[in-house]
Amino acid sequence: MVKKEAFGNTTDGKAVELYTLTNSHGMEVRIMTYGGVIVSVKTPDKAGRLADIVLGYDTLTPYLSKNPYFGAIVGRYANRIGGARFTLDGKVYKLAANDGPNALHGGLKGFDKVVWQAESFQKGDAAGIILKYTSADGEEGYPGTVHVTVTYALNDKDEFHIDYQATTDKATPINLTNHTYFNLDGEGSGDVLGTEMMINAGHFTPVDSTLIPTGKIGSVTGTPLDFTKPTAIGARIDDKYEQLALGHGYDHNFVINRTGPGLALAARAYDPKSGRVLEVDTTEPGVQFYTGNFLNAVNGKHGHVYNKRDAFCLETQHYPDSPNKPEFPSAILRPGQTFHSTTIWKFSAR
Ligand code: BGC
């Protein structure tokens, strides 16, 4: 089922709508048209008790001014571009440096800070919404008019599907993700250090002190980044290991093990307290595992205060800084091509 209601106005007077998707198991996902933000996700624990397992705010206002990307669609280029510049087909493009010397998450006004056009649908057992946004040629320094469509759908198998599509009229970098912060025991329930994480990745992209990949592909074997077997997030997070020091915890792009194109398992998280499980499948080559290292006294929903490591993100993506790293899978979209990517979140409890 899909329900639509008003959720306030942006500072420049644009109306924001809130859509509620529900399935026959009582699962509920709420999404607003500002930033395509996933505002809440309610799923049952092992005893059937519902809780909201994503960080966020109660009202629109804090999302407008200080959102650390809670729930948001991130683009035109998710993650970092080194030196806030890239060269494409011989031309240099300059971007806003909004993260030290680098460009982060699409710039000063990325896809997380615009109002998307929305339309709801019901198709078989899936309830969903289609969000559309046109990013103008030159917006945030990027070339080409880009038409983006993001489809969110919740089905009766407790799966939440995110489909991204984009076209352009000039060659441009594209990297689209969703930046939901999960706490499987419920938002505001404390840290996620006890959550057992499995990441289906034998390799990662090591970073420098500004979190830009060095270009090397590192093996996780024998390091605290080896999550090939389920391991508590907190088990090694404070180990004396250079990559963890640079990230202030986990803030790394993992190279998903795959045997070919198409959907592959990226990660599976299990919270032993609630029994909730989140599995993430994706067509993307990478996933950023981020442990909320920069959260600091955020006044969130229901009077809850969010701090460092009170959530984790699994941002499916192309590798950071791909536009400056020809050795990485290409993130360039050209006229005549259609960018297409899918990520599925599968919820359960045991
Ligand atoms: C980045 C973090 C950043 C966070 C919030 C993540 O995708 O990897 O470094 O702090 O987003 O902006």
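As a convention, each chain's residues are numbered from 1 in the sequence order in which they are written. This being a predicted model, a pLDDT of at least 70 is required before a residue's local features are given, and a value of 80 or more before pairs of side-chain atoms are given or counted; all residues contribute to the totals for chains, interfaces and linings. For the side-chain quantities, the full set of heavy atoms in the structure was used; hydrogens and water were omitted.

**Q** What is the right way to read the pairing of strand β18 (residues 201–204) from this model?
**A** Taken residue by residue, a regular strand's side chains alternate between the two faces of the sheet. One ladder, built from 3 bridges, connects β18 with strand β21 (residues 251–256); its direction is antiparallel. Its bridge partner being in β21, His 203 is matched across the sheet by Val 255. Judged from the 2 bridges that link them, β18 and strand β19 (residues 218–219) form a sheet pairing that is antiparallel. Among the inter-strand pairings, His 203 is bridged to a residue of β19, identified as Ser 219. Two strands are counted as paired when DSSP detects at least two bridges linking them. Here a strand is any run of E in DSSP of at least two residues, a helix any run of H or I of at least four, and the numbering for each starts at the N terminus.

**Q** Just to check I follow, could you spell out the sheet that holds β18 for this structure?
**A** Strand pairing in a sheet takes place through backbone hydrogen bonds and is either antiparallel or parallel in direction. An order of β19-β18-β21-β24-β27 is seen for the 5 strands of this open sheet, with the pairing classed as antiparallel. Edge positions in the open sheet fall to β19 and β27 (313–317), since each of these has one partner strand only.

**Q** What am I meant to see in the side chain of Thr 343 here?
**A** Mapped onto the fold, Thr 343 is located in strand β29 (residues 339–349). Overall, the relative accessible area of 2% leaves Thr 343 in the buried class. Side chain to side chain, Thr 343 and Thr 316 meet in a polar contact 2.8 Å long. Residues in contact with Thr 343, not counting those within four places in the same chain, are Phe 160, His 161, Ile 162, Val 280, Asp 281, Thr 282 and Thr 316. Buried means the residue's accessible area, taken with a 1.4 Å probe over protein chains only, is under 20% of the maximum for its type, while exposed means over 50%, and partly exposed covers the values in between. Pairing of N or O atoms within 3.5 Å defines a polar contact, subject to two protein rules: one partner must be a possible hydrogen donor and the other a possible acceptor, and residues neighboring in sequence count only if both atoms are side-chain atoms. It only takes one pair of heavy atoms within 4.5 Å for two residues to be counted as in contact.

**Q** Please clarify how the layout of surface pockets should be interpreted in this entry.
**A** A probe as big as a water molecule, rolled over the atoms, marks out the empty space that is left. Taken as a whole, the largest pocket holds about 470 Å³ of empty space. At the level of secondary structure, the elements contributing two or more residues to the lining of the largest pocket comprise α1 (60–66) and β24 (286–290). By residue number, the principal contributor to the lining of the largest pocket is α1, which donates 4 residues. In this classification, the charged set is Asp, Glu, Lys and Arg, the nonpolar set is Ala, Val, Leu, Ile, Met, Phe, Trp, Tyr, Cys and Pro, and all remaining amino acids, among them Gly, are polar. Among the residues making up the lining of the largest pocket, the classes are represented as 11 nonpolar, 8 polar and 7 charged. Points on a 1 Å grid over protein atoms alone make up a cavity when a 1.4 Å probe fits among them but cannot get out, and a pocket when they form an open set with protein on both sides within 12 Å along at least five of seven lines; lining residues each have an atom within 4 Å of a point. Grid points are joined across faces, edges and corners, and a volume is the space filled by probe spheres set on the points.

**Q** Would you mind going over the pattern of salt bridges with me for this structure?
**A** Two side chains bearing opposite charge may form a pair once their charged atoms approach each other closely. When a carboxyl oxygen of Asp or Glu is within 4 Å of a side-chain nitrogen of Lys or Arg, the pair counts as a salt bridge. For the structure shown, the criterion picks out 16 salt bridges. Two residues, Arg 49 and Asp 45, come together in a salt bridge whose shortest N-O distance is 3.2 Å. The exposure class assigned to Arg 49 is exposed, which follows from its relative accessible area of 56%. Between Arg 309 and Asp 238 there is a salt bridge, with the nearest N and O atoms lying 3.2 Å from each other. Taken together, the positions of Arg 309 in the loop between β26 (305–306) and β27 and Asp 238 in the loop between β20 (231–232) and α2 (242–247) put the pair 71 residues apart, joining distant regions of the chain. A relative accessible area of 9% places Arg 309 in the buried class. Note on Asp 238: relative accessible area 60%, which makes it exposed. Because the salt bridges share partners, they merge into one network encompassing Arg 268, Glu 279, Asp 281 and Lys 346.

**Q** Is there a simple way to explain empty space enclosed by the protein in this structure?
**A** All told, the structure shown has 2 cavities of 30 Å³ or more when counted by the stated rule. When its volume is computed, the largest cavity comes out at roughly 40 Å³. Lining the largest cavity are Gly 75, Arg 76, Gly 106, Lys 109, Gly 110, Phe 111, Ser 135, Glu 139, Glu 140 and Tyr 142. Residue composition of the lining of the largest cavity, grouped by class: 2 nonpolar, 4 polar and 4 charged. Of the pockets and cavities examined, the second largest cavity occupies roughly 30 Å³. Every residue along the wall of the second largest cavity is listed here: Leu 95, Ala 96, Ala 103, Gly 106, Gly 107, Glu 140 and Tyr 142. Looking at side-chain class alone, the lining of the second largest cavity contains 4 nonpolar, 2 polar and 1 charged residues.

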